[in-house]
Amino acid sequence: MRYILILILALFSFWACKRVDQSDKKQEKPCDIELTSSEQITPNSQYLAQAVLWYQKSAELRALYLQAFNLAKLQLQKFTGEGNKKPAVVLDIDETVLDNSPYEGYRILNDKEYERETWNAWVEKESAYATPGALDFVNYAKELGVEVFYISNRTIDLLESTVNNLKELKFPNADEKFILLKENDSSKESRRLKVSENYNIVMLIGDNLIDFHQVFENRGDDHAYALVDSMRQEFGSKFIILPNPMYGSWEKDIYGDMDTDAAQKDSIRKCFLNSFRP
Ligand SMILES: [Mg+2]
């Protein structure tokens, strides 16, 4: 009986250790898998359908944007008297003030990856809608005497179309003085510094961590969890983040160089999923 008990305890310890190992492995990077052969047909963009449907059709998405902009209004009132310079708010454009989900819809229906040519064709249609609450918020900021800047990584050749789209939607400050697009540098830091020469940036609004601070350009090995935690006081205060399940810088941690083919990406996505084992 005693030996049976020892055997059971030994087996239990072995099982428990294995469980710990498996849970530790979930934190490891990169995802160590055998990639699917690219000869196996995997559609490029079908996996996006649920995210784009949620973005376009769920009232929850609408409510989240309204919630974020309502909070931004409340917080903005607190900041207006700070500093010697005129206060300013910096907003990203894509999936912050403009909804580009029809471009993602095009990708799904035509099974395309993101391509500069098709993206430019979408932007040049100048037909993106405003995101919920965005126009109301920027008008409120202007009323408070807070200047409004748009810093976006749309490329500079898309300036005219961007201005036209924002003007059509009646966004204030829709001109090149207040819209800073990407010229050479993907980092938004130099453009934030340029704004800071004459303004006190009191709030930043975006759907991507790099819209807020340079530190998020290198996310480290933990998908930027520690960085976000270290700046927890800023979220909902100086930083207002919006939901975007369709794409973002977070994907670079998953796919690496992003040039991986569709079949490999499909395998990588599955490998990164945290899943229980029945
Ligand atoms: Mg964006």
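Structural notes, computed from the coordinates. Just so we're clear, the structure is a prediction, and the values are computed from it rather than from any experiment.

### Observations concerning the sheet that holds strand β4 (residues 147-155)
Strand order in the open sheet formed by 5 strands is β5-β4-β1-β6-β7, and the pairing between neighbours is parallel. With partners counted over all chains shown, the strands left at the sheet margins are β5 (179-182) and β7 (239-241), one partner each. Sheet twist, expressed as the average angle between the axes of neighbouring strands with direction ignored, equals 25 degrees. Pairing analysis gives 4 bridges linking strand β1 (residues 86-91) to β4, with the strands arranged parallel.

### Side note on the environment of M203
As for its placement among the helices and strands, M203 is situated in strand β6 (residues 199-206). For the pair M203 and L91, spaced 112 residues apart in the sequence, the C-alpha separation amounts to 8.4 Å. Those residues within four positions of M203 in sequence are excluded, and the remaining contacts are A72, Q75, L76, F79, A88, V89, V90, F137, S237, K238 and I240.

### Thoughts on the packing of helix α3 (residues 59-79) against helix α6 (residues 134-144)
Two quantities define a packed helix pair, namely the angle between the helix axes and the distance between the axes. Closest axis-to-axis distance for the α3/α6 pair is 10 Å, and the angle between their directions is 10 degrees. As far as their axial angle goes, α6 and α3 are roughly parallel. Contacts between α3 and α6 pair F69, A72, K73, L76 and Q77 from the former with A134, D136, F137, Y140, A141 and L144 from the latter. Here the residues of the contact of α3 with α6 are counted per class, giving 8 nonpolar, 1 polar and 2 charged.

### Considering the coordination of the magnesium ion
Metal coordination angles in their ideal form are 109.5 degrees for the four-donor tetrahedron and 90 or 180 degrees for the six-donor octahedron. In the first shell of the magnesium ion, the protein supplies D92 (OD), D94 (O) and D207 (OD), at 2.0 to 2.2 Å from the metal. One chain supplies every donor to the magnesium ion, and in sequence these donors are spaced D-x1-D-x112-D. Here D92, found in the loop between β1 and β2 (98-99), pairs with D207, found in the loop between β6 and α9 (225-230); they are 115 residues apart in sequence, far enough to count as distant. Residue D207 is classed as buried on the basis of its relative accessible area of 14%.

### Re the side chain of N165
Inspection of the secondary structure puts N165 in helix α7 (residues 159-168). Look at N165 and you get buried, because its relative accessible area is 2%. For N165, the side chain forms a polar contact with the main-chain nitrogen of S127, separated by 3.4 Å. Not counting chain neighbours up to four residues away, the residues in contact with N165 comprise L98, E126, S127 and A128.

### With respect to the packing of aromatic side chains
This structure, assessed with the given rule, holds 13 aromatic pairs. Among the aromatic side chains, those forming a connected cluster through ring pairs are Y103, Y106, Y114 and W119. Looking at K265, its charged tip hangs above the ring of Y255, at a distance of 4.9 Å from the centre. Directly above the aromatic system of Y47 lies the positively charged group of R269, at a separation of 3.6 Å from the ring centroid.

About the cut-offs
Residues numbered from 1 in each chain as written. Predicted model: local features only at pLDDT ≥ 70, side-chain atom pairs only at ≥ 80, totals over all residues. Heavy atoms only, no water. Pairing = 2+ DSSP bridges. Helix = DSSP H or I, 4+ residues; strand = E, 2+ residues; numbered from the N terminus. Axes fitted to C-alpha atoms, helices over the stretch in contact; angles between N-to-C directions. Contact = heavy atoms within 4.5 Å. Parallel < 35°, antiparallel > 145°, perpendicular 65-115°, else oblique. Nonpolar A, V, L, I, M, F, W, Y, C, P; charged D, E, K, R; others polar. Donors = N, O, S within 2.8 Å, 3.2 Å for Na, K, Ca; no water. Buried < 20%, exposed > 50% of the residue type's maximum accessible area, 1.4 Å probe, protein only. Polar contact = N/O pair within 3.5 Å; in protein donor to acceptor, adjacent residues only side chain to side chain. Phe/Tyr/Trp six-rings, centres within 6.5 Å; stacked < 30°, edge-to-face > 60°. Lys NZ or Arg CZ within 6 Å of the ring centre and 35° of its normal.

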